[in-house]
Amino acid sequence: PLGFGLTSLFVIPAGFLLGLASNATKVFMVNVTTPETRGTAFSLLNLSDDLGKGAGVFVLARFFTLFEDTADSTARAKGMAAGFLIGWPLCGILIGLISFSLTRDYEAAQVAVRHNLGVNGLDPERNQSSVESAGEGAEVEPSVRHADEY
């Protein structure tokens, strides 16, 4: 055992950093999904999060049965250690894989949003140029008016 002081030295900063992961994941989800698919994406995120909370306890309990109590450590302590040594690196690797597609997914979502805004007549750049090309005082089709003209 490392002792309380040394363990605290590692666990306290890790606890603060773990609090960032959930928020960062939600920010990633907002930035890489279109508004039309965002609800579905967040539903899947919450479902997998909740399943992980339930299944994680079950898997961890199964780890306890793989070990036996010894004079220096219990089966529970060994199972917890095994769970952390397997689970956290695996999660870290999977989260790290996001870096390979994050920029591409973000750009694709931005293109889709810009396209949807343009199709619906809400693209500010297109609308402004339409108003300017129609001339001052000309009647412009409502779907291409700039937002501050309403």
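This text gives an overview of the structure that appears in the document.

Thresholds applied
Residues numbered from 1 in each chain as written. Predicted model: local features only at pLDDT ≥ 70, side-chain atom pairs only at ≥ 80, totals over all residues. Heavy atoms only, no water. Helix = DSSP H or I, 4+ residues; strand = E, 2+ residues; numbered from the N terminus. Buried < 20%, exposed > 50% of the residue type's maximum accessible area, 1.4 Å probe, protein only. Areas by Shrake-Rupley, 256 points an atom, 1.4 Å probe, with all protein chains shown as cover. Patch = residues over 30% accessible without salt bridge, like charges linked within 9 Å, V, L, I, M, F, W, Y side chains within 5 Å. Salt bridge = Lys/Arg side-chain N within 4 Å of Asp/Glu carboxyl O. Axes fitted to C-alpha atoms, helices over the stretch in contact; angles between N-to-C directions. Parallel < 35°, antiparallel > 145°, perpendicular 65-115°, else oblique. Left-handed = near helix turned anticlockwise from the far one by under 90°. Contact = heavy atoms within 4.5 Å. Expected span 1.5 Å × (residues − 1). Arc of directions from axis to C-beta.

So, the overall build of the protein
Working step 1: On a plain count of helices and strands, the protein comes out with five helices and zero strands.
Working step 2: Traced from its N-terminal end to its C-terminal end, the protein shows the element sequence α-α-α-α-α.
Working step 3: Across the 150 residues of the protein, 14% fall into the buried class.
Working step 4: Carbon and sulfur atoms make up 68% of the accessible area of the protein, which amounts to about 11,300 Å² in all.

With respect to a nonpolar patch on the surface
Working step 1: On the surface, Leu90, Ile93, Leu94, Leu97 and Phe100 cluster together into a nonpolar patch covering about 550 Å² of accessible area.
Working step 2: Its place among the elements puts Leu90 in helix H3 (residues 75-96).

So, the pattern of salt bridges
Oppositely charged side chains can pair when the atoms bearing their charge come close.
Working step 1: Taken as a whole, this structure holds two salt bridges when the rule is applied.
Working step 2: Lys53 serves as the salt-bridge partner of Asp50, at 4.0 Å between the closest nitrogen and oxygen. One end of the pair is Asp50 and the other is Lys53, both in helix H2 (residues 35-65) and three residues apart, which spans about a single turn.
Working step 3: With a relative accessible area of 48%, Asp50 lands in the partly exposed category.
Working step 4: In this structure Lys53 comes out as exposed when scored by relative accessible area, which is 53%.
Working step 5: Linked by salt bridges that have partners in common, Asp49, Asp50 and Lys53 make up one network.

A word on the packing of H2 against H3
Working step 1: In contact at an axis separation of 7 Å, H2 and H3 are set at 130° when each is read in the N-to-C sense. Compared by their axis directions, H2 and H3 come out oblique. Once H2 is placed against H3, the crossing between them reads as right-handed. Facing H2, whose interface residues are Leu60, Phe63 and Phe64, H3 presents Ala75, Arg76, Gly79, Met80, Ala82, Gly83 and Ile86.

Observations concerning the environment of Leu60
Working step 1: The topology assignment puts Leu60 in helix H2.
Working step 2: Judged by its relative accessible area of 23%, Leu60 is partly exposed.
Working step 3: Here the alpha-carbon distance between Leu60 and Gly83, two residues 23 residues apart in the chain, equals 6.1 Å.
Working step 4: The residues touching Leu60, leaving out its near neighbours within four places in the chain, are Gly79, Met80 and Gly83.

Considerations on H3
Working step 1: Helix length check: H3, at 22 residues, gives a terminal C-alpha distance of 31 Å against a target of 32 Å (1.5 Å per residue), a fit within 8%.
Working step 2: Those residues of H3 that fall on the buried side of the exposure criterion are Ala75, Gly79, Ala82 and Gly83. Here the buried residues of H3 occupy an arc of 100° about the axis, which is enough to place them on one side.
Working step 3: Tucked into the core, H3 has its buried residues touching H2.

No statement about biological role is implied by the geometric values presented.
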